[in-house]
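Here is how the chains run, residue by residue.
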Amino acid sequence: MVDAPLISRTEVDNALFGTREGRCLFAPIRHHSPVCAWMLRAMLDDFRPEEILIEVPSDLECHLPDLTASDIIPPVAIVTLGAQSGQSSRAVRYFPFSEHSPEFVAITHAKQIGAVVRFIDLPAGTRVESVEKASTFHSEVAFDSAAFIQSTCNKLGLRDGAELWDHLFEVHLGQSDWRTFFADVYAYCLAIRETTAPEVIASDDTLQREAHMRAYIAQAEDKRIVVLTGGFHTPALIEKGCEAPFKASALESYLIGYGEEALDALSGYAAGLRYPGWYAGLWQAACAADGPPDWSAHALEVGTGFAALMAEEKRRVAIPQLVEMLSMAEGLAHLKGRKAVLIPDLFDGMRSALVKTEIGPGEPFSECLHRYLRGNNLGQASQSAGLPPIVADARARADSARVNMSDTVKRNKKLDIRRKTTHRKASQFFHQMGLLSTGFAEFKTGPNFVTGERTDLLFEEWAVGWSPFVEGALIEAARLGSTLPEAAVNQLAERRTALFDNGSGNDLVAQLELLLLGLRAGLGSNLIGLAAELHDAVTISANFDGLAQVLFKLQAVSTPGDPLFDEELPDLSALLAAAYEKIIYLMDDLSQTPEDMLVTRIKALETIASVVQGPHAKRFNSDRFSNALARLLEQQDCAAILIGAVAGLLVRANLRSPEYLAKLLQGTLLGIGSTPEGRAAVLQGILMTAPMLLWQNQQVLKAVNTAIMTLDEDTFVTILPALRRCLTQLNPHETDRLAEELTTLLGVQGGNIAGAKSHFSEEETTQALAIDRAMGALLEADGLTHWKLS
């Protein structure tokens, strides 16, 4: 059991309301708490301060006019950018205000009562430099982790600090006794602070912040003031300060719309309350009633909203189930001694009424209620706030692409990029946003021209949605340009520079990827230099694998009619031709490939063959490739695996007969004096480039089978591991096809071997065969061969 500090109500009142003969009041709050905002408004109306000092970074006061603008729709946030260091990303931090934030209520209410607002926290510029890992300027970890919280939760039978706070404080929303309320909050926060280890408090910039705030409070000594800060800091601020405030460094900052999802403590916002949508609803209900909300009505509204969301997801909640859920929630609240139905009560009621399976990750009812209570509303900053031009440009393009920006929900978009110009432009916009890492658009499926995968598909599918983090990323990208295309082009230029800095300036594949990223984003007219650099690199490159990738990836984008073709870009067909020309030139030297690179070279050959014999074959003189393959077969020093791969490609192209391949396989499998791996190498090469020949051509399969059957038992056992390794290249479908053809060739029933699996390792199988041969030899020596099983 942890003892909270003993303090009398008189001592609390003197601390909060008796400083400077009652001219200085302290309002200890929890950030984004509706009840704190409500009581603060009552305090301000009663006390009528000259100044309100608020725990917001002091260098952000320039945003006060925009925070009180008539067209603002909370939640909003001040976003700050750290100093630029080279090409690295700038530190982006957010200071959010919800409609029910005590800070926002103080700022807007100050205007009504004629009070001056001052921000008194440590400057954001200083904090960005000193707290690199923080994404926000507040942290309320102690409200869950302090020993006092854990002890009190255990005593009252509550889950955690979030439920404890609501149980003790949020239930008073709509009431008017602000003195008793803030006295209780102060005692609560004092207990939290006193039971938090000193080293934890000293581990970040808490002490520096409190010194800075004390200095501001001291400067207002002759004023009638209210000091509004997180309750954890209040005990340290009541002490009289003699420090000088820290000087603010230059800082770039903007006011932007923010979202409820980002405000959610469960989403990682350290100073947030869980489920901001829930608290926003409570605040609105209290404002509508001008007093305490109807808790049962609010629970009913949540229940019906949750049921509607479930219906959208094709999971209907029947009315009797909903009634049971809400009745259970109210009953649980009453058992805990309160009329207010709180979040844990709703979850418990829902799980009792609806969940019939194991509760855990992926359970749909809990996840849906979580999303509903979290909310997805997206606020809007005043038009007078001013943002970098790139944000307005991106918003205009999003509007043209018919993207819903009224909330933070990501919605699916299906784009016909080949036949509809507007869809292709939307795709280019989405890819530009992707280049800037905004998180706005998530590519789900469709043709991927950067990797060369599924380029024949007609449609792209995306999940797109606006959020405050999208806006923050755009603000960070404003250094790259005033429009989205300009910033995307400069982002590619930075990546190109980074390749040189990393010693990869001539990396064909990396250069090609940059070019394709730019084409996909519709930046063709700005890629002339990059295309010219790639052309020069191709003409001097000896990177056979890289050239194969250039050929493979450019085949579908280089001529009119291709989805990424851009007439403002230099002729990519010339680049394609240059890559093909260099490939043909290098093929004569493939026989000199080091052994450890042979598999990679064969895969490159297979890639090239798929291009010159594929849908875009008319763009190439395939005879040149076939002739180069034929020349390889004539070279005496050509590796066996390469011979097999080349022979397979030629037979597939009908430039060599199956009889040729059958003889080649028989000759190598029966080769005298060869190693086991050497005997199997040609078969391995064929399986890499033309495995289908084994089941599409009985002559080839028969040749392999005959050769293997011809081997004596000792030789077969020796070569077996190499043969098994060759066959592991086949996928399950190919293995089944080969098995079917073998059963036909051998005249056995497929059912006799179908599904048969060995549980022995390769080494165990080899040992077993050796033992079998030894036993056979012993039986034969003893004249007991009739004992051998047939």
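Thresholds applied
Residues numbered from 1 in each chain as written. Predicted model: local features only at pLDDT ≥ 70, side-chain atom pairs only at ≥ 80, totals over all residues. Heavy atoms only, no water. Helix = DSSP H or I, 4+ residues; strand = E, 2+ residues; numbered from the N terminus. Rg over C-alpha atoms; globule rule 2.2 N^0.38 Å. Contact = heavy atoms within 4.5 Å. Areas by Shrake-Rupley, 256 points an atom, 1.4 Å probe, with all protein chains shown as cover. Lys, Arg positive; Asp, Glu negative; His and termini not counted. Charge placed at Lys NZ, Arg CZ, Asp CG, Glu CD. Salt bridge = Lys/Arg side-chain N within 4 Å of Asp/Glu carboxyl O. Buried < 20%, exposed > 50% of the residue type's maximum accessible area, 1.4 Å probe, protein only. Expected span 1.5 Å × (residues − 1). Polar contact = N/O pair within 3.5 Å; in protein donor to acceptor, adjacent residues only side chain to side chain. Phe/Tyr/Trp six-rings, centres within 6.5 Å; stacked < 30°, edge-to-face > 60°. Disulfide = S-S within 2.5 Å. Pairing = 2+ DSSP bridges. Axes fitted to C-alpha atoms, helices over the stretch in contact; angles between N-to-C directions. Core = buried A, V, L, I, M, F, W, Y, C linked by side-chain atoms within 4.5 Å. Patch = residues over 30% accessible without salt bridge, like charges linked within 9 Å, V, L, I, M, F, W, Y side chains within 5 Å. Nonpolar A, V, L, I, M, F, W, Y, C, P; charged D, E, K, R; others polar.

Peer 1: If you had to explain the overall build of the protein chain to someone new, which residues and values would you point to?
Peer 2: Across its full length, the protein chain holds 36 helices and ten strands. For the protein chain, the C-alpha radius of gyration of 37 Å lies well beyond 28 Å, the compact-globule estimate for 790 residues. Based on the C-alpha atoms only, the size of the protein chain along its principal axes is roughly 110 × 70 × 50 Å. Partitioning the contacts of the protein chain with sequence separation of at least 6, the portion at a separation of at least 24 is 75%. When the accessible area of the protein chain is evaluated, it comes to approximately 36,100 Å², of which 52% is carbon and sulfur surface. On the protein chain, the mean spot of the 70 positive side-chain charges and the mean spot of the 99 negative ones are 4 Å from each other.

Peer 1: I'd like a rundown of the pattern of salt bridges, residues and numbers included.
Peer 2: If you walk through the whole model with that rule in mind, you get 31 salt bridges. Between D345 and R338 there is a salt bridge, with its nearest N and O atoms 2.9 Å apart. Here D345 and R338 have matching classes, each one buried. The salt bridge involving R411 is made with D407; its shortest N-O contact spans 2.9 Å. You can call D407 buried: its relative accessible area is 10%. One network of salt bridges, in which partners are shared, links E163, K336, R338 and D345.

Peer 1: How would you sum up helix α15 (residues 295-312)? Please name residues and give values.
Peer 2: Along its 18 residues, α15 runs 26 Å from first to last C-alpha, staying within 8% of the 26 Å computed at 1.5 Å per residue. Inspection of α15 places W295, H298, A299, V302, G303, G305, F306, A307, L309 and M310 among the buried residues, and these make up the whole buried set. Where α15 is buried, its residues touch α14 (276-289), α16 (319-335), α17 (343-354) and α18 (364-374). Here α15 starts with a cap whose side-chain oxygen sits 3.2 Å from the backbone nitrogen of S296, and that cap is D294.

Peer 1: I'd like a rundown of the packing of aromatic side chains, residues and numbers included.
Peer 2: One pass over the structure, following the stated rule, counts 22 aromatic pairs. Measuring from ring centre to ring centre gives 5.9 Å for W38 and W283, while their planes differ by 80°; the resulting arrangement is edge-to-face. One end of the pair, W38, is in helix α2 (residues 34-47); the other, W283, is in helix α14, with 245 residues separating them in the sequence. The same class applies to W38 as to W283, namely buried. Between F169 and Y188, the ring centres sit 5.0 Å apart and the planes meet at 80°, which makes this aromatic pair edge-to-face. In this pair, F169 sits in the loop between α8 (161-168) and α9 (178-194) while Y188 sits in helix α9, placing the two residues 19 residues apart along the sequence.

Peer 1: Before we move on, can you summarise the environment of W695 with the specific residues and values?
Peer 2: Within the secondary structure, W695 sits in helix α32 (residues 693-696). When the C-alpha positions of W695 and I641 are compared, they lie 20 Å apart, and in sequence the two are 54 residues distant. The contact partners of W695, leaving out residues within four places of it in the chain, are L730, E734, R737, L738 and E741.

Peer 1: So what's going on with the state of the cysteines? Which residues, and what values?
Peer 2: Here the structure, examined in full by the defined rule, presents zero disulfides. You can see C287 has no disulfide; the closest cysteine sulfur is in C36, sitting 15 Å from it. Using a relative accessible area of 34% as the deciding quantity, one classes C287 as partly exposed.

Peer 1: I'd like to hear about the sheet that holds strand β7 (residues 252-257), residue by residue, with values.
Peer 2: Read from one edge of the open sheet, three strands run β4-β3-β7, paired in antiparallel fashion. Edge positions in the sheet fall to β4 (92-97) and β7, since each has one partner strand and no second. When strand polarity is set aside, the average angle formed by the axes of neighbouring strands in this sheet is 25°. The pairing of strand β3 (residues 76-81) with β7 spans six bridges and is antiparallel. When the sheet's bridge partners are listed, A77 is paired in β7 with I256. Strands in contact with helix α21 (residues 468-477) are β3, β4 and β7; relative to β7, the strand with the most contacts, it is inclined by about 150°.

Peer 1: Describe α16, naming the residues involved and giving the relevant values.
Peer 2: Along its 17 residues, α16 runs 24 Å from first to last C-alpha, staying within 8% of the 24 Å computed at 1.5 Å per residue. Contacts made by the buried residues of α16 are with α15 and α17. Looking one or two places after α16, you find G337, whose phi comes out positive at around 80°.

Peer 1: Provide a residue-level description of the sheet that holds strand β2 (residues 51-57), including the pertinent values.
Peer 2: Hydrogen bonds between backbone atoms are what pair the strands of a sheet, whose relative direction is either parallel or antiparallel. Spatially, β1-β6-β2-β5 is the arrangement adopted by the four strands of the open sheet, whose pairing is parallel. Two strands in the sheet have a free side with no partner beyond their single neighbour: β1 (24-29) and β5 (116-121). For this sheet, the mean angle separating the axes of adjacent strands, direction not counted, is 25°. Sheet topology places β1 next to strand β6 (residues 225-230); six bridges connect them, and they run parallel.

Peer 1: Tell me what's going on with the pairing of β1, and back it up with residues and numbers.
Peer 2: For β1, the buried fraction is high: six of the six residues fall into the buried class. Residue alternation in β1 divides its side chains into two sets, C24, F26 and P28 and L25, A27 and I29, and both sets are buried.

Peer 1: Which residues make up the nonpolar core, and what are the values?
Peer 2: A general tendency of soluble globular proteins is for nonpolar side chains to be buried together. Ranked by size, the top nonpolar core spans 131 residues in total, and within it F430, F440, W466, L515, M587, L605 and F625 carry the most contacts. The greatest single-element share of this core, amounting to ten residues, is contributed by helix α26 (residues 572-587). Setting aside residues no more than four positions away along its own chain, F430 makes contact with A401, V403, K413, L415, F440, A441, W462 and V464. If you look at the next biggest cluster of nonpolar residues, it comprises 113 residues, including A37, F97, V227 and V302.

Peer 1: Residue-level account of a nonpolar patch on the surface, with values.
Peer 2: Judged by side-chain polarity, I771, M775 and L778 come together as a nonpolar surface patch covering roughly 310 Å² of accessible area. Relative to the assigned elements, L778 resides in helix α36 (residues 762-781). A relative accessible area of 52% places L778 in the exposed class.

Peer 1: Outline the pairing of β2, listing residues and values.
Peer 2: Summarising burial for β2: seven of the seven residues are buried, a large majority. With five bridges connecting them, β2 and β5 associate as parallel partners. Paired with P57 across the two strands is D121, which belongs to β5. Of the pairings in the sheet, the one linking β2 to β6 comprises four bridges and is parallel in character. Paired with E51 across the strands is I225, a residue of β6.

Peer 1: Lay out the environment of R601 with the relevant residues and their values.
Peer 2: In this structure, R601 sits in helix α27 (residues 598-612). For R601, a relative accessible area of 17% gives the class buried. For the pair R601 and Q380, spaced 221 residues apart in sequence, the C-alpha to C-alpha distance is 56 Å. R601 has contacts with F544, D545, L590 and T593, leaving out every residue within four places of it along the chain.

Peer 1: Lay out the packing of helix α30 (residues 658-669) against helix α31 (residues 676-689) with the relevant residues and their values.
Peer 2: At a minimum axis separation of 6 Å, α30 and α31 run at an interaxial angle of 145°. Between α30, through L661, L664, L665, T668 and L669, and α31, the contact on the second element is made entirely by R679, V682, L683 and I686. A class-by-class count of the residues in the contact of α30 with α31 yields seven nonpolar, one polar and one charged.

Peer 1: Explain the side chain of S591 to me, using residue names and the numbers behind them.
Peer 2: Along the chain, the position of S591 falls in the loop between α26 and α27. Within polar-contact distance, the side chain of S591 engages the side chain of Q635 at 2.4 Å.

Peer 1: Which residues make up unusual backbone geometry, and what are the values?
Peer 2: Residue P75 is reached from P74 by a cis peptide bond, and omega for that bond is 10°. Assignment of secondary structure puts P75 in the loop between α3 (64-67) and β3. The phi dihedral of Y275 is positive, around 60°, even though this residue is not glycine. Among the secondary structure elements, Y275 is positioned in the loop between α13 (260-263) and α14. Of the residues examined, Y275 reaches a relative accessible area of 10% and is grouped as buried. Despite not being glycine, S437 has its phi angle at roughly 55°, a positive value. Structurally, the position occupied by S437 is in the loop between α20 (421-435) and β9 (441-445).

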